[in-house]
Amino acid sequence: MSDTIEFYKNYSRRSKSPWDDAARVAMLWQPDTKQGIYLHIGAFGINGIGLSKAFQEKMPDGLQCQYLVFERLDIVMHVFAEEIQQYCIDNVSTKDFKEVFLLNQDAFFNDISKSYWQLAYDNYCKTN
């Protein structure tokens, strides 16, 4: 298996996810373990998030599963913010990142975004 992965990949066949995906975005990928965090993209945007086994174990109780609905993306972003940010800076061109998120990596991973992700995480932990 390759040590690289496409940041954005259109599917040529049906995804294994529970959604009707057209593509996926590799938000974090570790070539040594082949583990990753992926956004599953449908016709109208993000369907959900896929997490490899090693990443599932780092999620809060109740969210330790392979597939999470898109409403939990902010929690995933909080838990893995530093790793995702570093991966996207080191491995994704600014052009490719902007084509998906309309912002460069610095703007996307700003302090306001991280505060929002923290708040979502805190609120989840308080109620679960």
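Look above for the structure.
Residues numbered from 1 in each chain as written. Predicted model: local features only at pLDDT ≥ 70, side-chain atom pairs only at ≥ 80, totals over all residues. Heavy atoms only, no water.

Focus: the pattern of salt bridges
Within this structure, the stated rule accounts for 3 salt bridges. Residue Glu82 pairs with Lys114 through a salt bridge whose shortest N-O separation is 3.5 Å. Placement of the pair is Glu82 in helix H3 (residues 81-91) and Lys114 in helix H6 (residues 111-127), with a sequence separation of 32 residues. What makes Lys114 partly exposed here is its relative accessible area of 21%. With a shortest N-O distance of 2.6 Å, Glu99 and Lys95 are connected by a salt bridge. Remark: Lys95 and Glu99 occur in helix H4 (residues 94-101); sequence separation between them is 4 residues, near one turn of the helix. (Salt bridge = Lys/Arg side-chain N within 4 Å of Asp/Glu carboxyl O. Helix = DSSP H or I, 4+ residues; strand = E, 2+ residues; numbered from the N terminus. Buried < 20%, exposed > 50% of the residue type's maximum accessible area, 1.4 Å probe, protein only.)

Things to note about the packing of aromatic side chains
Taken as a whole, this structure holds 11 aromatic pairs when the rule is applied. Ring plane angle 40° and centroid distance 6.0 Å describe the contact between Phe97 and Phe109, whose orientation is recorded as tilted. Of this pair, Phe97 sits in helix H4 while Phe109 sits in the loop between helix H5 (105-108) and H6, and the two are 12 residues apart along the sequence. Of the residues examined, Phe109 reaches a relative accessible area of 3% and is grouped as buried. Taking 6.0 Å as the distance between ring centres and 50° as the angle between the ring planes, the aromatic pair formed by Phe108 and Trp117 counts as tilted. (Phe/Tyr/Trp six-rings, centres within 6.5 Å; stacked < 30°, edge-to-face > 60°.)

Everything listed here is a matter of geometry and, on its own, says nothing about what the molecule does.
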